[in-house]
Amino acid sequence: MKFVFPFLVILSVTSLSAQSLKNFSLPKGYTQIAEIKGDLDKDGKDETVLVFDTNIKASDSQDLEGTSDYKRVFYILKNENGSSTIWKENSTVLFSSGFGFYPSDNDLGIKIKNNCLIIEQQFFTNSRHTQHYTHTFRFQNGDFFLIGSYDHFEDTCDFSFTNEINFSTGKVIVDKAYSSCDDETKIPKNFHKEFTHKLQNLIRMNDFKIGEHKFKIPGLKEDFVF
């Protein structure tokens, strides 16, 4: 009998945890733009990730076709007893629908690989510059944490910059490649540096917003921004 009580406690905690998840229903006025499935917590069961354009204006801007700029949100859903329940909701990682110089050419890609959620966003910052971000999140210690960041900024003629970090290993890559469409232009020397930087604490997904975190690059006056 002494083994029954601990078992009942574990069962009760598990039951309460399941009951704490709210059922998902499609928010009124939201437009679904992506859906993927995959196992994010290594329990052998697939979660579902749904991405939406909300009906909340991110700005008053409109693209050339008159389409407005709306905030985006994604939900990570679990299947609990045949119902979809909200495991995680996030509106900080994704740029808005009208973000960038040519909003109609924005590219959003979401996939699940090796039990990690990978979010790719690419857009023009002006007529010559493209920006590509990839962020990888892993479920561990009861929450989703940022474990990888890839940032590629490129000009059609002059440069190609890459900042990449694996937060699990601390490996950082900073690469700056220069070129020119003008034969008479003096081209700066390319730069490549690899080093290790370990964060004291990994960043939770819901605490992360692109461009709001940084640390010093050894030997340079500039920061590694992510």
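From a predicted model like this one, the values you see are computed outputs, not experimental measurements.

Enquirer: Explain the environment of glutamine 32 residue by residue, including any values.
Expert: Looking at where glutamine 32 falls in the secondary structure, it is placed in strand S2 (residues 31-38). For glutamine 32, a relative accessible area of 39% gives the class partly exposed. Beyond its immediate chain neighbours, meaning those up to four positions away, glutamine 32 contacts Leu50, Val51 and Phe52. Of the polar contacts made by the side chain of glutamine 32, one reaches the side chain of glutamate 35; its length is 3.2 Å.

Enquirer: So, the packing of aromatic side chains: which residues are in play, and what are the values?
Expert: Taken as a whole and assessed by the stated rule, the structure comprises 23 aromatic pairs. Considering the side-chain rings of tryptophan 87 and phenylalanine 144, the 5.0 Å spacing of their centres and the 65° angle between planes classify their relative orientation as edge-to-face. Of this pair, tryptophan 87 sits in strand S5 (residues 83-90) while phenylalanine 144 sits in strand S9 (residues 143-155), and the two are 57 residues apart along the sequence. Phenylalanine 144 matches tryptophan 87 in its accessibility class, with the two residues each being buried. Ring pairs connect the aromatic residues Phe167, Phe195, Phe215, Phe224 and Phe226, which therefore count as one cluster. Between the NZ or CZ atom of lysine 78 and the centre of the ring of tryptophan 87, over which it lies, the distance is 4.4 Å. Above the face of the phenylalanine 161 ring, lysine 176 is positioned so that its terminal group lies 4.5 Å from the ring centre.

Enquirer: I'd like a description of the nonpolar core, backed by residues and values.
Expert: Core analysis: the biggest nonpolar cluster contains 32 residues, and Phe74, Ile76 and Leu117 have the highest contact counts within it. If you list the elements that add at least two residues to this core, you get strand S3 (47-62), strand S4 (68-80), strand S7 (116-124), strand S8 (129-140), S9 and strand S11 (171-178). Residue contributions to this core peak at three residues, all from S7. Sequence-distant contacts of phenylalanine 74, that is, excluding residues within four places in its chain, are made with Val49, Leu50, Val51, Lys88, Glu89, Asn90, Val93, Leu94, Leu117, Ile119 and Met205. The next biggest cluster of nonpolar side chains, apart from the first, holds seven residues, and it includes Phe24, Phe52, Tyr75 and Leu77.

Conventions we followed
- Residues numbered from 1 in each chain as written.
- Predicted model: local features only at pLDDT ≥ 70, side-chain atom pairs only at ≥ 80, totals over all residues.
- Heavy atoms only, no water.
- Helix = DSSP H or I, 4+ residues; strand = E, 2+ residues; numbered from the N terminus.
- Buried < 20%, exposed > 50% of the residue type's maximum accessible area, 1.4 Å probe, protein only.
- Contact = heavy atoms within 4.5 Å.
- Polar contact = N/O pair within 3.5 Å; in protein donor to acceptor, adjacent residues only side chain to side chain.
- Phe/Tyr/Trp six-rings, centres within 6.5 Å; stacked < 30°, edge-to-face > 60°.
- Lys NZ or Arg CZ within 6 Å of the ring centre and 35° of its normal.
- Core = buried A, V, L, I, M, F, W, Y, C linked by side-chain atoms within 4.5 Å.

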